[in-house]
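Structure at a glance
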Number of protein chains: 2
Amino acid sequence: MAVTLKDVAREAGVDLSTVSRSLSGSYGVHEETRKRVLEVAERLHYRPNRIARGLVTGRSHTLGLIVSDVRNPFFAEVARGAEDAACAHGCDLVLCNSDLDQAKQMRYIVSLAEKRVDGILMNSVSALGKAQQQALAGFGMPIVLLNRASGAHSFSTVCADNYLGGQLAGRYLKAKGHIRIAHLTGPRGHGNLSDRARGFLNAVPDAVVLHGRHTFQGGCELAGKLLERHPEVTAVFAANDVMAFGVMRAAAERGLRVPQDLSVVGFDNIEFSGIAHPPLTTVHQPKYEIGAAAVEILLRLAEKQNGSAPERRIFGVELIERDSVQDCRTR
Amino acid sequence: MAVTLKDVAREAGVDLSTVSRSLSGSYGVHEETRKRVLEVAERLHYRPNRIARGLVTGRSHTLGLIVSDVRNPFFAEVARGAEDAACAHGCDLVLCNSDLDQAKQMRYIVSLAEKRVDGILMNSVSALGKAQQQALAGFGMPIVLLNRASGAHSFSTVCADNYLGGQLAGRYLKAKGHIRIAHLTGPRGHGNLSDRARGFLNAVPDAVVLHGRHTFQGGCELAGKLLERHPEVTAVFAANDVMAFGVMRAAAERGLRVPQDLSVVGFDNIEFSGIAHPPLTTVHQPKYEIGAAAVEILLRLAEKQNGSAPERRIFGVELIERDSVQDCRTR
DNA sequence: CTGAAAGCGCTAACAG
DNA sequence: CTGTTAGCGCTTTCAG
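Conventions we followed
- Starting from 1, residues in each chain are numbered consecutively following that chain's sequence as written.
- The lettering of chains begins at A and the numbering of ligands begins at 1, in the order of writing.
- For this predicted model, a pLDDT threshold of at least 70 governs which residues receive local features, and a threshold of 80 or more governs which side-chain atom pairs are given and counted, while totals over whole chains, interfaces and linings are taken from all residues.
- Computation of side-chain values: all heavy atoms of the structure, hydrogens and water removed.
- Near is defined per residue: the residue qualifies when any heavy atom it owns lies within 4 Å of the molecule or strand.
- Between N or O atoms, a polar contact is any pair within 3.5 Å; within protein, one atom must be a potential hydrogen donor and the other a potential acceptor, and residues adjacent in sequence are included only when both atoms are from side chains.
- By the criteria applied, helices consist of DSSP H or I runs no shorter than four residues and strands consist of E runs no shorter than two, each listed in order from the N terminus.
- When residues are grouped by polarity, Ala, Val, Leu, Ile, Met, Phe, Trp, Tyr, Cys and Pro land in nonpolar, Asp, Glu, Lys and Arg in charged, and all others, Gly among them, in polar.
- When a carboxyl oxygen of Asp or Glu is within 4 Å of a side-chain nitrogen of Lys or Arg, the pair counts as a salt bridge.
- To sort residues, take the accessible area from a 1.4 Å probe on protein chains only and compare it with the maximum for the residue type: under 20% means buried, over 50% means exposed, and anything in between is partly exposed.
- A pair of strands counts as paired when DSSP detects no fewer than two bridges linking them.
- The angle between two axes is taken between their N-to-C directions and runs from 0 to 180 degrees, where each axis is a line fitted to C-alpha atoms and a helix contributes only its stretch in contact.
- Throughout, a contact is declared for two residues whenever any of their heavy atoms are within 4.5 Å.
- When the copies are overlaid, the least-squares fit takes in C-alpha atoms only where the residue has pLDDT of at least 70 in both copies.
- Computed with a 1.4 Å rolling probe, the buried area is the accessible surface lost when two parts are put together, summed over both parts.
- Among buried residues, the Ala, Val, Leu, Ile, Met, Phe, Trp, Tyr and Cys ones that are joined through side-chain atoms within 4.5 Å form a nonpolar core.
- Helix span, expected: 1.5 Å multiplied by one less than the number of residues in the helix.
- Throughout, the term roughly parallel applies to angles under 35 degrees, roughly antiparallel to angles over 145, roughly perpendicular to angles from 65 to 115, and oblique to all others.

Looking now at the protein's contact with DNA strand D. Surrounding DNA strand D, one finds 23 residues, the nearest of these being A:Asp15, A:Arg21, B:Leu5, B:Tyr46 and B:Arg53. A share of 67% of the atoms of DNA strand D within 4 Å of the protein falls on sugar and phosphate groups. The contact in question runs from a phosphate oxygen of DNA strand D to an N or O atom on the backbone of A:Asp15, over 2.9 Å. At 2.7 Å, a backbone N or O of A:His30 approaches a phosphate oxygen of DNA strand D. Elements represented by at least two residues in the surface near DNA strand D include exactly α2 (16-24) and α4 (50-57) of chain A together with α2 (16-24) and α4 (50-57) of chain B. Among the elements that make up the surface near DNA strand D, the one with the highest residue count is α2(B) (four residues). Residues that form the surface near DNA strand D fall into these classes: ten nonpolar, nine polar and four charged.

Right, here's the structure in full:
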């Protein structure tokens, strides 16, 4: 039904391979015939079938992106950076939401592999076990992780300096005179989050740490638990901004004011953190750039078939001081 | 390099077509050979090449989603709904950001068409001209629009009842005693937005209407302009929530309190609208459901090759009353 | 029930 | 410069 190379060839009175050449590069084809072919192709509304082309060239010009949930503004931003970079290189991006579910993540990987994508970009569900690494490597597909480089595996990675970010948050809170500080974070074993926790703990060794879901709801719940069990706490470092908003919500529900009664620091610096009430003090990480950089690396990996050394890129972070933290000694 | 049907066939000592049958359906193949084939396939880590399969079956099991920007929480939510639905049907979703740019949108459509996606989901840049419609239809690909059904075209559509939503906002503001009311919206010609405007104007015929970008920044700018030129205004209806946040920001920068000095109503009911300060009164529309429904329709369209009648689904909306509007007579 | 053969639409040597 | 010939990996008649 769709018009093919053959149709164009017949109509132009040349061989189909000549049409192919005319369309791809100007390489080795008489200017006149080429012009004629192009004209016919145009007239017939010819659209190359990239799927067929991919079958022979072995490149699909499609990348996979697996995040836990695009609805988290952090991932939306990463996705946008990735999509822009992919687009700039003539690639498409297929979006997958893993919900941090191990099995679902694996199903996506298999599916992407079967579609022969040129590479996968993912924030892995959790630290990769030996078996997992083997499985992934077994697909023989370039993969770049949006997680920290745990040292153990041999994948390329790009992420922010989570450890430092945690440290900055911890130091800041201490500098503001806080003594009883808590850290509310996501599930154990989540690479980036645990790095933040480690950095934070390095600065605030005696902090209370509570694990839960790293969503708005999770932030609410954990804060509820915290306020009940540790009323002495005057400041909390939430593992990301949406959790921080959950904390603020929970505080408000209990009649606590932020920052007068409770100080809170977030992580990510999503757009909304600047317009929340109070504006959230948080650790900024370059989300868009992370997505874009990951794609660049992935594409580079896809170029050279020989497994080159993994590239690891770590972006700097920065504490953005706004109004959700109060100096403890002035209250 | 990858293991193919042929490899499995050789290893299992049968013809490649037998392997194909064994893997696809159990249809017409001896149970014993089938078992053996499956076993060999497993042992060799065989992964079907869906790209090759697609070439012969004519179905790619891939859908395209074109939105203006996933970073708008509204679209992130729609995308998630679409992805979940696609996933449930064994399809992948490729994500495209048009930035409301006509040319970019068309490039994406062409690219998706050349990849032979099974269908495209898009919130069109603007009302479709006759030529545009022709062009789109010319690709012979199922398309469902996330815009209103303008009546003119023959595409399937799914969207919220934008007109009613605008009306609800207008009526609410009037019921609260506001007389001088403004509407801040996006570029002219944007289907959904102009429906909201029409609905609103139906309820508040003498409203001031300002056009600009429908982003946070756009909201800021428009509000600035509004406050300067029409200081008499006591309430504004922003075309979406992120714009509403921009309005709130602009108001705050000028020392105006919301809702005491200025009331604001948004549209979308994105998650943050509930945690903003003050919590935003807004018109709720079912974002996730819209994305999911659109995929369902698209897939149905992709099934039957004969161009069946376009399906049009309109979701209900609801005004969510929170704290960003004050009764004008009590101030 | 299974093998042989054709072909999806395209690229890529290899001859002429 | 251009046509011929193989496939890419898979599904699908059509015989056997």
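What follows is about the protein's contact with DNA strand C. What surrounds DNA strand C is a group of 24 residues, the closest being A:Leu5, A:Tyr46, A:Arg53, B:Arg21 and B:His30. Near-protein atoms of DNA strand C (within 4 Å) split between backbone and bases, with sugar and phosphate holding 70%. A:Ser20 is positioned with one of its side-chain polar atoms (N or O) 2.8 Å from a phosphate oxygen of DNA strand C. Only α2 and α4 of chain A together with α2 and α4 of chain B provide two or more residues apiece to the surface near DNA strand C.

Moving on: the pattern of salt bridges. The full count for this structure, using the stated rule, is 38 salt bridges over all chains. Note that A:Arg59 is salt-bridged to A:Asp118, the shortest N-O span being 3.6 Å. Placement of A:Arg59 in the loop between α4 and β1 (62-67) and of A:Asp118 in the loop between α6 (102-114) and β3 (119-122) is noted, with a sequence separation of 59 residues between them. Given a relative accessible area of 22%, A:Arg59 falls into the partly exposed group. Connected through shared salt-bridge partners, A:Asp69, A:Arg71, A:Asp99, A:Lys104, B:Glu77, B:Arg80 and B:Asp84 make up one network.

Moving on to the sheet that holds strand β7 (residues 208-211) of chain B. Residue and element names in this part refer to chain B. In space, the six strands of this open sheet follow the order β7-β6-β8-β9-β10-β12, with mixed pairing throughout. Every interior strand has two partners, whereas the edge strands, β7 and β12 (318-320), have only one. Each neighbouring strand pair of the sheet contributes to a mean axis angle of 20°, computed without reference to strand direction. Contacting β6 (181-185), β8 (235-238), β9 (263-268) and β10 (281-284), helix α11 (residues 241-253) runs over the sheet at an angle of about 160° to β9.

Each copy superposes on the other: chain B lies on chain A with an RMSD of 0.1 Å after a rotation of 180° and an axial shift of 0.0 Å. Here the copies are linked by what is in effect a two-fold axis. If distances are taken from each C-alpha of chain B to the rotation axis, the shortest is found for B:Val94, at 2.0 Å. Most of the interface of chain B is mirrored in chain A, where 98% of its interface residues again form contacts.

Glancing now at the sheet that holds strand β6 (residues 181-185) of chain A. Residues and elements named next belong to chain A. Taken in spatial order, the six strands make up an open sheet running β7-β6-β8-β9-β10-β12, and their pairing is mixed. Of all the strands in the sheet, the pair left with one neighbour each is β7 (208-211) and β12 (318-320). Here the strands of the sheet are splayed against their neighbours by 20° on average, with no regard to which way each runs. Direction of pairing for strand β9 (residues 263-268) relative to strand β10 (residues 281-284): parallel, over a ladder of four bridges. Bridging from a neighbouring strand, Val265 pairs with Thr281 of β10.

Before going further, it helps to spend a moment on the pairing of strand β8 (residues 235-238) of chain A. Residue and element names in this part refer to chain A. Side-chain alternation along β8 places Ala235 and Phe237 on one buried face and Val236 and Ala238 on a second face that is also buried. By the bridge criterion, four bridges tie β6 to β8 in an arrangement that is parallel. Across the sheet, the residue bridging to Ile181 is Ala235, located in β8. Where β8 lies against β9, three bridges are found, and the strand directions are parallel. Bridge pairing links Phe237 to Val265 in β9.

Attention now goes to the side chain of A:Asp92. The residue A:Asp92 is located in strand β2 (residues 92-97) in this model. The class for A:Asp92 is buried, based on a relative accessible area of 6%. If we skip the residues at most four places from it in the chain, A:Asp92 touches A:His61, A:Thr62, A:Leu63, B:Val94, B:Ser111 and B:Lys115.

Turning our eyes to something else, we now look at the interface of chain B and chain A. In this complex, chain B contributes 46 residues to the contact, which on the side of chain A involves 48 residues. In total, chain B and chain A occlude about 4500 Å² of area from one another, counting both sides; carbon and sulfur atoms represent 57% of this. The largest share of the area that chain B buries against chain A comes from B:Arg80, B:Glu114 and B:Lys115, three residues that together contribute 16% of it. Its salt-bridge partner being B:Arg71, residue A:Glu77 comes within 3.4 Å of it at the nearest N-O pair. At the boundary of chain B and chain A, one finds 24 residue pairs in polar contact (both at pLDDT 80 or more). Elements with a minimum of two residues in the side of chain B that touches chain A: α4, α5 (73-88), β2 (92-97), α6 (102-114) and α11 of chain B. Within the side of chain B that touches chain A, the residues separate by chemical class into 21 nonpolar, nine polar and 16 charged.

By size, the foremost hydrophobic cluster in this structure holds 148 residues, and its most contacted members are A:Leu184, A:Phe245, A:Phe272, B:Leu184 and B:Phe245. In this view, B:Leu184 contacts B:Leu210, B:Leu222, B:Ala223, B:Leu226, B:Val236, B:Phe237, B:Ala238, B:Ala239, B:Met243 and B:Val247; residues no more than four positions away in its chain are not counted.

This paragraph deals with unusual backbone geometry. Where the residue is not glycine, phi is negative for most of them; where a peptide bond is considered, it is trans in most cases. Residue A:Val258 is joined to A:Pro259 through a cis peptide bond whose omega torsion reads 5°. Assignment of secondary structure puts A:Pro259 in the loop between α11 (241-253) and β9. Its identity is not glycine, yet A:Asp268 carries a phi of approximately 125°, on the positive side. Mapping A:Asp268 onto the fold places it in strand β9. Despite not being glycine, B:Leu100 has its phi angle at roughly 60°, a positive value. The topology assignment puts B:Leu100 in the loop between β2 and α6.

Another point: α11(A). Residue and element names in this part refer to chain A. Over its 13 residues, α11 runs 18 Å from end to end, which matches the ideal 18 Å to within 8%, given 1.5 Å per residue. With ten of its 13 residues buried, α11 lies for the most part within the structure. Along α11, the residues that are buried comprise Asp241, Val242, Met243, Ala244, Phe245, Gly246, Val247, Met248, Ala250 and Ala251. Those residues of α11 hidden inside the fold are in contact with α5 (73-88), β6, α10 (216-229), β8, β9 and β10. One side-chain oxygen at the N-terminal end of α11 lies 3.3 Å from the backbone nitrogen of Val242; it belongs to Asn240. Where α11 ends, the next residue or the one after it, Gly255, has phi of about 75°, a positive value.

With that settled, consider the packing of α2(B) against helix α3 (residues 31-43) of chain B. Residue and element names in this part refer to chain B. Where α2 meets α3, the axes come as close as 9 Å, and the angle between the chain directions of the two elements is 90°. The orientation of α2 relative to α3 falls into the category roughly perpendicular. Residues Val19, Ser22 and Leu23 of α2 form the contact with α3, whose participating residues are Arg34, Val37, Leu38 and Ala41. When its residues are assigned to classes, the contact of α2 with α3 shows five nonpolar, one polar and one charged.

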